[in-house]
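# Examination of the molecular architecture
Now for the letters of each chain:
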Amino acid sequence: MNVDLEKLVLLQAIDTELRHFAAEAVAAPRSVQQAEELRAQADAALEAVRKKLADEGTIRRTCSSDAEDRRIKLVKLVRQLDSATSATQVSALEHEIGFLRDAVLKFEDEELASMERTETLEEQQTKAQQLLVLRERSLEQARTEAARRITEANARTAQHNAERLALRATIAESALSLYDRITKSRGSGLAEAREQQCCACRMMVRPQRWQQLTGREHEHELFACESCSRILFHDPRRDRPGAWPAGERFHAAQQLEAPR
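Residues numbered from 1 in each chain as written. Predicted model: local features only at pLDDT ≥ 70, side-chain atom pairs only at ≥ 80, totals over all residues. Heavy atoms only, no water.

### Some words on the sheet that holds strand β4 (residues 231-233)
- Across the sheet, four strands lie side by side as β2-β1-β4-β3; this open sheet has mixed pairing. Every other strand in the sheet has two partners, leaving β2 (197-198) and β3 (223-224) as the edge strands with one partner each.
- Bridge count for β3 against β4 is two bridges, and the pairing is antiparallel. The residue of β4 that forms the bridge with A224 is I231.
- Most of the contacts of helix α1 (residues 3-82) go to β4, to which it runs at about 105°, and overall it touches β1 (190-194) and β4. (Pairing = 2+ DSSP bridges. Helix = DSSP H or I, 4+ residues; strand = E, 2+ residues; numbered from the N terminus. Contact = heavy atoms within 4.5 Å. Axes fitted to C-alpha atoms, helices over the stretch in contact; angles between N-to-C directions.)

Put into structure tokens, the structure is as follows:
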């Protein structure tokens, strides 16, 4: 294989890995943001339950106070009833006493209903508190993991950039310029030709071009896909099983960008 072409295969693998590390550095804070949103949701849910509990407390205090007011009035009316001298007074007092007793019962029932709702809300509050603890723990874990991922990505980026610069210095200027120009416009400069097809754009490679790619007579030349313009290479392991570090790294790097 053309020496520069083999180096370009390795260079694209490094460029792909660098894009992966850059994506990792961007994605890491997003996981923290998601954990923060979940934590905020749990906190809001707990606050909502606490507000409902406070409202129920207000309801019970109001019912208790209103019921007590009616009881005091009842005592006064019962005393007045005992001293009533006419049937009209008795009827009027009995009617008002009945009304007040109904009101007391209503307030007592509402107070009891509030106590039952409070019991349910207290259970919800316990669950909401537990969820908040879990969300806070997850947030701390997300922050720790994000910091680790960013540190690792930055370290590997620095290492790969050094490797990339050293490799680029060994590639012929004409081949490197061609690779850079295609990468800028296409996102990648190379594509494997497999089974007479460009693996990047899936267009067929003409038989003559395929023979040139797979033969040894034109190893000094670089051939581009007639459809997408990427520089084509043929993996020699397809014909002769064996080790090819540049190709192995190229395909491993491609897996980093494969959909998951």
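### Quick look at the pattern of salt bridges
- Tallied over the full model, the rule gives 23 salt bridges.
- One salt bridge connects E257 with R19, and the closest N-O pair in it is separated by 2.9 Å. Placement of the pair is E257 in helix α5 (residues 245-257) and R19 in helix α1, with a sequence separation of 238 residues.
- Looking at E257, the relative accessible area reads 44%, which means it is partly exposed.
- Its relative accessible area of 34% is what places R19 among the partly exposed residues.
- For D43, the salt bridge identified is with R39, shortest N-O distance 3.6 Å. (Salt bridge = Lys/Arg side-chain N within 4 Å of Asp/Glu carboxyl O. Buried < 20%, exposed > 50% of the residue type's maximum accessible area, 1.4 Å probe, protein only.)

### Quick notes on the nonpolar core
- The biggest cluster of nonpolar side chains holds 22 residues, and the ones touching the most others in it are L8, V9, L11, I171, L190, I231 and F233.
- Residue assignment for this core shows that the elements contributing at least two residues are α1, α2 (87-168), α3 (173-186), β4 and α5.
- Ignoring sequence-local partners within four residues, the contact set of F233 consists of M1, L5, V9, L190, A191, E192, A193, W244 and F250. (Core = buried A, V, L, I, M, F, W, Y, C linked by side-chain atoms within 4.5 Å.)

### Here we look at the environment of E140
- Relative to the helices and strands, E140 resides in helix α2.
- With 14 residues separating them along the chain, E140 and N154 place their C-alpha atoms 21 Å apart.

### What to know about unusual backbone geometry
- The backbone of E195 shows a phi angle near 55°, a positive value even though the residue is not glycine.
- Here E195 shows up in the loop between β1 and β2.
- Its identity is not glycine, yet R202 carries a phi of approximately 70°, on the positive side.
- Within the secondary structure, R202 sits in the loop between β2 and α4 (207-214).

### Quick look at the packing of α1 against α5
- As a packed pair, α1 and α5 sit with axes 8 Å apart at the nearest point and diverge in direction by 25°. Judged on the interaxial angle alone, α5 and α1 are roughly parallel. Between α1 and α5 lies a crossing of left-handed hand. Together, E6, V9, L10, Q12, A13, I14, T16, E17, R19 and H20 of α1 and A246, G247, R249, F250, A253, Q254, L256 and E257 of α5 make up the contact between the two elements.
- Of the residues in the contact of α1 with α5, the class split is eight nonpolar, five polar and five charged. (Parallel < 35°, antiparallel > 145°, perpendicular 65-115°, else oblique. Left-handed = near helix turned anticlockwise from the far one by under 90°. Nonpolar A, V, L, I, M, F, W, Y, C, P; charged D, E, K, R; others polar.)

### Section: the pairing of β1
- Taken across its five residues, β1 has four buried, putting it largely inside the fold.
- Bridging between β1 and β4 involves three bridges; their strand directions are parallel. In the sheet register, A191 faces β4, and the bridge partner there is L232.
- Two elements, β1 and β2, share two bridges in a ladder whose sense is antiparallel. Note on β2: the bridge partner recorded for A193 is C198.
- Following β1, the chain reverses through two residues before pairing antiparallel with β2; E195 in that reversal takes a positive phi of roughly 55°.

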